[in-house]
Structure formats: structure tokens, C-alpha cells
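Secondary and tertiary structure notes
What follows is each chain in one-letter form.
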Amino acid sequence: MISIKSVAHSYNNNQQLSFKDWQINDGEQWLLLGESGSGKTTLLHILTGILKPQHGEVSVSDTSIYNLSSKNLDQFRGRNIGIIFQRPHLIKSLTIAENLLLAQSFAQLPEDHRRIDEVLESLDILHKKNAYPNELSQGQLQRVSIARAVINKPALLIADEPTSSLDDKNAESVLQLLIQQSGLNKATLIVATHDKRVKDAFTNTYNLV
Ligand SMILES: Nc1ncnc2c1ncn2[C@@H]1O[C@H](COP(=O)(O)OP(=O)(O)OP(=O)(O)O)[C@@H](O)[C@H]1O
């Protein structure tokens, strides 16, 4: 279960951003909706252990994450939280498989080549395993960033504006992949967006106003 309670934050004593309480049960799929500047990225950073809010409680997988030491928090994030950014952040000098091995090693998990093959296969890019990022199309790269996010079977999968730069067809396909992968991995999914096309795919919505 994931929950935030009485969470509020202000940057450099500017106007305070307050977030209404939110409770997410395991395996649920949520849309985080809000206009530009409403605090989506701030809330994602709070949920992923990047930004400790000035007020409130944040718990992921029933762990109060900001009570962990920074070393334990890093390890917790690597194992429990997968993040998909708008653009893939892959290491160009490493192959696709090596990028995924690195994600396992960051989480201090053993190398698991079978898991890498399984995830790449489920995303239909196993044939690109030994290629370098610059040899892949944008759509394939997006699949690799999904693969990297799910490789360690995180309990929480978060996507930040995954569709905003895509045309309708690719936006739909990325959404379906996220939903499929969160189902396969029994992960909770949160998709943050201001893209109204995404709305119909989700029954649960958390609105920032
Ligand atoms: N590092 C920072 N320092 C100061 N103010 C910040 C910082 N990051 C965000 N803010 C401010 O906090 C508010 C919320 O920003 P945030 O990036 O969370 O919104 P958002 O909903 O993700 O916006 P967008 O959709 O445009 O990315 C904005 O008013 C922004 O200017």
C-alpha cells in the first residue's frame, strides 16, 4: 500500500503546495492529473524518495520512506520503485542488456540474464538486446525505458508524462504497455499527465488543483 498524509511542501518559502491525502492499494492503476505548475513533478519526487516534503507522512510498501537512512532509501528505491521519464535516460556506451544489468546492480541485486530476456521479450525488443541505444528507434527506446523500470519487479511503477510528445497511435501503445507491464509484475501504476487522451484508460484519478 502507498499513502500520503498531510503532505505539503514549499520551495524557498514560496507558496506552499498542499497535497490531499491519497491511499493506493497494491496493484491499482492511477492517473495523476494536473495543469502545468500544479505540482505533479513535485508529488512524484515526493513519492519516489527524491524530495522530502516539509510536512507529512509518505509510505510506500508500508515503509515510511523518509525515516530510512539515505543509503537504505537509495536501495529501497532501486528495488521498489520503477520510473519512466518522458525521454529515456540510457547510457549510450552500454548495450540494452548492459543498461538493464546496471539497473540490477544499482539495486544491489544479482545479475539475472533470464529476467532481462523475459522483460525484453514481453516488450517485443529481445532482438535488440545487444544493440546500443543509438541503434534503436524512438518507440523502441521508450520500450527499453519501460523494461528498465520493471526489471527489478518494483511494487510501484511511475510514469511522468509518458505520452505528451507522442502521436495518438504511439501514445495509445505506450499506455497499453504500461498497463500490461504493471499487470504482469503486479505493480501499482501511477501515470502523471496533463494529456487528456490518457483519461479513458484509467478508473482511478487523483486530481491536483
Ligand atoms: N526546484 C524548484 N525551486 C523552486 N520552485 C519550484 C521548483 N520546482 C518546482 N517549483 C515550483 O513549484 C510549482 C509546482 O511545480 P511542478 O514542477 O511540481 O509542477 P508540474 O505540475 O509538474 O508542472 P509541469 O506539468 O509544467 O511540469 C511551480 O509553481 C514551480 O514553479
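See the structure printed just above.
Residues numbered from 1 in each chain as written. Predicted model: local features only at pLDDT ≥ 70, side-chain atom pairs only at ≥ 80, totals over all residues.

Here's the deal with the site of the ligand
The local shell around the ligand holds 13 residues, among which Tyr 11, Ser 36, Lys 40, Thr 41 and Thr 42 are the closest. Residues that form the shell around the ligand fall into these classes: two nonpolar, 10 polar and one charged. (Near = placed C-beta within 6 Å. Nonpolar A, V, L, I, M, F, W, Y, C, P; charged D, E, K, R; others polar.)

What to know about the environment of Ser 173
By secondary structure assignment, the location of Ser 173 is in helix 6 (residues 168–184). Considering only alpha carbons, one finds Ser 173 and Ile 116, 57 residues apart in sequence, at a separation of 21 Å. (Helix = DSSP H or I, 4+ residues; strand = E, 2+ residues; numbered from the N terminus.)

Observations regarding the nonpolar core
Counting residues in hydrophobic clusters, the biggest one holds 44 residues, and the most contacted among them are Ala 147, Val 150, Leu 156, Leu 178 and Val 191. The element contributing the most residues to this core is helix 5 (residues 138–150), with five residues. Excluding residues within four positions of it along the chain, Ala 147 makes contact with Leu 100, Val 119, Leu 120 and Leu 123. (Core = buried A, V, L, I, M, F, W, Y, C linked by C-beta atoms within 7 Å. Buried ≥ 20, exposed ≤ 12 C-beta atoms within 10 Å, placed from the backbone. Contact = placed C-beta atoms within 7 Å.)

Some thoughts on the packing of helix 3 (residues 96–106) against helix 5
With their axes 9 Å apart at the nearest point, helix 3 and helix 5 run at an angle of 25° to one another. Judged by the inter-axis angle, helix 3 sits roughly parallel to helix 5. Between helix 3 and helix 5 lies a crossing of right-handed hand. When helix 3 is examined against helix 5, the residues Ile 96, Asn 99, Leu 100 and Ala 103 are found in contact with a partner set consisting of Val 144, Ala 147 and Arg 148. Looking at the contact of helix 3 with helix 5, its residues break down into five nonpolar, one polar and one charged. (Axes fitted to C-alpha atoms, helices over the stretch in contact; angles between N-to-C directions. Parallel < 35°, antiparallel > 145°, perpendicular 65-115°, else oblique. Left-handed = near helix turned anticlockwise from the far one by under 90°.)

A word on the sheet that holds strand 4 (residues 29–33)
With parallel pairing, five strands are arranged side by side in an open sheet as 7-8-9-4-10. Taken across any chain shown, the strands that pair with only one partner, and hence form the sheet edges, are strand 7 (81–84) and strand 10 (204–207). Pairwise comparison of adjacent strand axes, ignoring direction, gives a mean angle of 20° for this sheet. The pairing of strand 4 with strand 9 (residues 188–193) spans five bridges and is classified as parallel. By the bridge assignment for strand 9, Leu 33 is matched with Thr 193. Its contacts with the sheet place helix 1 (residues 40–47) against strand 4, strand 8 (156–160) and strand 9, and it is angled at close to 155° to strand 8. (Pairing = 2+ DSSP bridges.)

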